[in-house]
Amino acid sequence: SSSLHILRILQEALTNIIKHAHADEIEVATEVVEGGVQIRITDNGRGFDVAQALSTNVGAGRGLQHQLNRATLLGAALTWQRQARGTELRLTLPLHAVHGQAEPVLA
């Protein structure tokens, strides 16, 4: 089930870029970090206000909340960082499972 959660998080990220960011470049990178593995997805699109997108007052943004819920189930950290041009998503997965114990981090 962990693989499916990871797939869905990444699938939602790529879908959001294609549907909303108006990007013409997407970069996906992985690296080993202390205690885990990090997946980074960066685009050169128009970016978005993370807090507003996650706000309960906004009708959109459920996909982001689903991503956060899945990350939490994995014990992973999920962040979005608005860049000068575009957005960077970071999914940091622990090497050892700690399901449901990590708090998502927003940047």
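> So what exactly am I meant to see when it comes to the overall build of the chain here?
Counting secondary structure elements, the chain contains three helices and four strands. The linear arrangement of helices and strands in the chain, starting from the amino end, is α-β-β-α-α-β-β. Each of the 107 residues in the chain was classed as buried or not, and the buried ones make up 35%. Taking as baseline every contact in the chain between residues at least 6 positions apart, the subset at least 24 positions apart corresponds to 60%. Accessible surface, the chain: about 6600 Å² in total, of which carbon and sulfur atoms supply 52%.

> Would you mind going over the nonpolar core with me for this structure?
Proteins that are soluble and globular tend to have nonpolar side chains buried together. Leu78, Trp80, Leu89 and Leu91 are the most contacted members of the largest nonpolar core, which totals 19 residues. Elements with a minimum of two residues in this core: α1 (2-21), β2 (36-43), α2 (50-54), α3 (62-74), β3 (77-82) and β4 (87-94). Ignoring any residue separated from it by four or fewer positions in sequence, one finds Leu91 in contact with Ile9, Leu10, Val37, Gln38, Ile39, Ala71, Ala76, Ala77 and Leu78.

> Can you walk me through the confidence of the model for the chain in this structure?
Keep in mind that low pLDDT regions are not for reading the predicted coordinates in detail. Scored by pLDDT, the chain has a mean of 85; 84% of the residues are at 70 or more. Mean pLDDT across the elements of the chain ranges from a minimum in α2, with 81, to a maximum in β2, with 97. Here residues 99-107 is modelled with pLDDT under 50, and outside its nearest four sequence neighbours on either side it reaches 25 contacts, counting other chains as well.

> Whenever I open this one, the sheet that holds strand β1 (residues 26-33) confuses me. Can you help?
Sheet strands pair via backbone hydrogen bonds, and the direction of the pair is either parallel or antiparallel. Within the open sheet, the four strands sit side by side as β1-β2-β4-β3. Their pairing is antiparallel. Both edges of this open sheet fall to β1 and β3, since each of them pairs with a single strand only. Here the average twist between neighbouring strands, direction ignored, is 15°. Pairing of β2 with β4, which is carried by seven bridges, proceeds in the antiparallel orientation. Bridge pairing links Thr42 to Glu88 in β4. In the packing of α1 onto the sheet, the strands contacted are β1, β2, β3 and β4, and the crossing angle to β2 comes to about 15°.

Rules and cut-offs
Throughout this description, residue numbers start from 1 for each chain and increase along the sequence as written. Totals for whole chains, interfaces and linings use all residues, but because this is a predicted model, local features are given only for residues with pLDDT of at least 70 and pairs of side-chain atoms are given and counted only at 80 or more. Water and hydrogen atoms were dropped before computing side-chain values, which therefore reflect all heavy atoms in the structure. Secondary structure elements are taken from DSSP: a helix is a run of H or I of four residues or more, a strand is a run of E of two residues or more, and numbering for both begins at the N terminus. Burial here depends on accessible area, computed with a 1.4 Å probe over protein chains only, as a share of the maximum for the residue type. Under 20% is buried, over 50% is exposed, and the range in between is partly exposed. A contact between two residues is defined here by any heavy atoms of the two lying within 4.5 Å. Here the accessible surface of atoms and residues is derived via Shrake-Rupley with a 1.4 Å probe, and residues count as covered only by protein chains that are part of the display. Side-chain atoms within 4.5 Å are what join buried Ala, Val, Leu, Ile, Met, Phe, Trp, Tyr and Cys residues into a set we call a nonpolar core. Here pLDDT means the predictor's own confidence in every residue, given as a number from 0 to 100. We treat two strands as partners when DSSP finds at least two bridges between them. The axes are straight lines fitted to the C-alpha atoms, using for helices just the contacting stretch, and the angles between their N-to-C directions are given from 0 to 180°.

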